[in-house]
Amino acid sequence: MTTTDFAELHDDLRAVAADVLGRGRAVDWPTIADVGWVGLEVPEAFGGAGATFAEVAVVCEELGRAAVAADYLGSAVLTVGVLNTLQHSAVRDRLLTDVTAGTTRVATVMGGFTLAADGRLSGRADFVPDADGADLLLVLATDHTGAEVAVATDLLAVTAQPVLDQTRRVAAVIAEGVRVAEPLRFTGNPRSVRNRAAVAVACDSLGLAEAMLAATVSYAQTRHQFGRPIGSFQAVKHACADMLVTVSVARALVREAVDAVATTGFDGSEADVAVAMAKSYACGGAVEVVGKALQLHGGIGYTWESGIHVYLKRAVFNRSLFGSPAAHRRHLAQRY
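Remember, it's a predicted structure, so these values are computed and weren't measured experimentally.

Caption draft 1: How the structure looks around the overall build of the protein. The number of helices and strands found in the protein is ten helices and ten strands. Taking 2.2 N^0.38 as the reference for a compact globule, 336 residues should give roughly 20 Å; the C-alpha atoms of the protein span a radius of gyration of 20 Å, in line with that estimate. Its C-alpha atoms put the protein at 75 × 45 × 40 Å along the principal axes. With 336 residues in all, the protein has 52% of them scored as buried. Intrachain contacts of the protein at a sequence separation of at least 6 include 74% that bridge at least 24 residues. Of the roughly 14,700 Å² of accessible surface on the protein, 55% is carried by carbon and sulfur atoms. Averaging the coordinates of the 29 positive side-chain charges in the protein and doing the same for the 36 negative ones gives two points 8 Å apart.

Caption draft 2: Seen up close, the packing of helix 6 (residues 191-222) against helix 8 (residues 269-296). Two elements in contact, helix 6 and helix 8, have axes separated by 8 Å at closest approach and are oriented at 25°. As the angle between them shows, helix 6 and helix 8 are arranged roughly parallel. Regarding helix 6 and helix 8, the two cross each other, and that crossing is left-handed. Split by residue class, the contact of helix 6 with helix 8 holds 18 nonpolar, three polar and three charged.

Caption draft 3: Quick look at the pairing of strand 5 (residues 148-153). Across six bridges, the pairing between strand 4 (residues 136-143) and strand 5 is antiparallel. Looking at strand 5, one finds that L138 is bridged to A152. Adjacent in sequence and paired antiparallel, strand 4 and strand 5 are bridged by four residues, among which G146 carries a positive phi angle near 95°. Sheet topology places strand 5 next to strand 8 (residues 184-185); two bridges connect them, and they run antiparallel. Paired with V149 across the two strands is R185, which belongs to strand 8.

Caption draft 4: The nonpolar core, seen in detail. Membership of the largest hydrophobic core comes to 95 residues, with the highest contact counts inside it found for W37, Y72 and V77. Take this core: its biggest share by element is 16 residues, from helix 6. Lining this core are residues from two domains, each supplying at least three of them: domain 1 (3-185) and domain 2 (191-334). Here W37 is in contact with L13, A17, V20, L21, I32, V59 and Y72, once residues within four sequence places are set aside. Listed in part, the 19 residues of the second largest apolar core include L121, L156, V173 and V178.

Caption draft 5: Seen up close, the state of the cysteines. A complete count under the given rule lists zero disulfides for this structure. Unpaired in this structure, C60 has its nearest cysteine sulfur neighbour in C203, at a distance of 5.7 Å. Unpaired in terms of disulfides, C283 finds its nearest cysteine sulfur in C203, a separation of 9.4 Å. Take C283: its relative accessible area is 0%, and that puts it in the buried class.

Caption draft 6: Structural context of the domain arrangement of the protein. Split by domain assignment, the protein resolves into domain 1 (3-185) and domain 2 (191-334). Put simply, the middle of domain 1 and the middle of domain 2, counted by C-alpha atoms, are 24 Å apart. Taken together, the contact pairs 32 residues of domain 1 with 31 residues of domain 2. Buried area between domain 1 and domain 2, both sides added, is near 2,700 Å², and the carbon and sulfur share of it is 64%. Taken together, domain 1 and domain 2 are joined by four salt bridges. Salt-bridge contacts for R168 lead to D204; the nearest nitrogen and oxygen are separated by 3.3 Å. Counting across the domain 1 and domain 2 interface gives nine residue pairs in polar contact (both at pLDDT 80 or more). Every element with two or more residues in the side of domain 1 that touches domain 2 is listed here: helix 3 (53-66), helix 4 (72-85) and strand 3 (120-129). Here the side of domain 1 that touches domain 2 is composed, by residue class, of 19 nonpolar, six polar and seven charged.

Conventions we followed
Residues numbered from 1 in each chain as written. Predicted model: local features only at pLDDT ≥ 70, side-chain atom pairs only at ≥ 80, totals over all residues. Heavy atoms only, no water. Helix = DSSP H or I, 4+ residues; strand = E, 2+ residues; numbered from the N terminus. Rg over C-alpha atoms; globule rule 2.2 N^0.38 Å. Buried < 20%, exposed > 50% of the residue type's maximum accessible area, 1.4 Å probe, protein only. Contact = heavy atoms within 4.5 Å. Areas by Shrake-Rupley, 256 points an atom, 1.4 Å probe, with all protein chains shown as cover. Lys, Arg positive; Asp, Glu negative; His and termini not counted. Charge placed at Lys NZ, Arg CZ, Asp CG, Glu CD. Axes fitted to C-alpha atoms, helices over the stretch in contact; angles between N-to-C directions. Parallel < 35°, antiparallel > 145°, perpendicular 65-115°, else oblique. Left-handed = near helix turned anticlockwise from the far one by under 90°. Nonpolar A, V, L, I, M, F, W, Y, C, P; charged D, E, K, R; others polar. Pairing = 2+ DSSP bridges. Core = buried A, V, L, I, M, F, W, Y, C linked by side-chain atoms within 4.5 Å. Domains from an automatic or database assignment. Disulfide = S-S within 2.5 Å. Buried area = accessible area lost by both parts, 1.4 Å probe. Salt bridge = Lys/Arg side-chain N within 4 Å of Asp/Glu carboxyl O. Polar contact = N/O pair within 3.5 Å; in protein donor to acceptor, adjacent residues only side chain to side chain.

Right, dumping it as structure tokens:
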């Protein structure tokens, strides 16, 4: 199965998302839970829809297209992904049910955390999405045997970190020998969680790049200079064509990455390659597309009212979040 096999379902989901996200620059957690986006990948036994990451990718893309502030990335996409990868247990199943219902907001923390044999957690992670204000933190750590585990706790120090992108909330999470409950064990490779994070951000960047392309083409058709639309000038045509090429290539790479991770569970060499290619190109290309949009809008593009600055800041932050283009390209170079 690929994303094209559910094109009609995705179109409906995209239309609903556009309606919900078009109501303002921010969408709160209860709204996200009420529309069912949190539980898209959650099995029906826990109150979810039993869908796949392909459907989650559609929502991620629409979030980028609208450039709204929401707790979806860290509290839904990553958290549900981690919980689905853990072994069945009373704690894991309860968390999955509560997250799906929207009664508990859990943020996932990935970083250099270690879990000692006496159950004490230590480490630090910066720029953790949606950790500030979360009810609970799900921390990925390495235990004393070298195995990766997950621990759920609300005892860690969380400090909000200011960033230029006002549509995302990130925080530093610090643990200094904090005693935590029994760790939760993975059934698969925890690397899949990092792949999921990278693809989700790539989808977001694709959505915002498509939005900027559409806005620029519309502006070029309506803005007149010297008695004719600026879109009739060759330089503007070439710039818009470059934007379209970048968006088209990014769309193809992101679609391939989503298909790969939705069918392989984010694990395996094929998924690793597809993820690295999509993240590096889509996030780097989005910055270029928004930059061209800013330029082609002329003086109005630099005003606060135009809103282009919101997309530029988000695109720049996406580029560095969960691996820069350079880091992912180095990964590809090592493979080949």
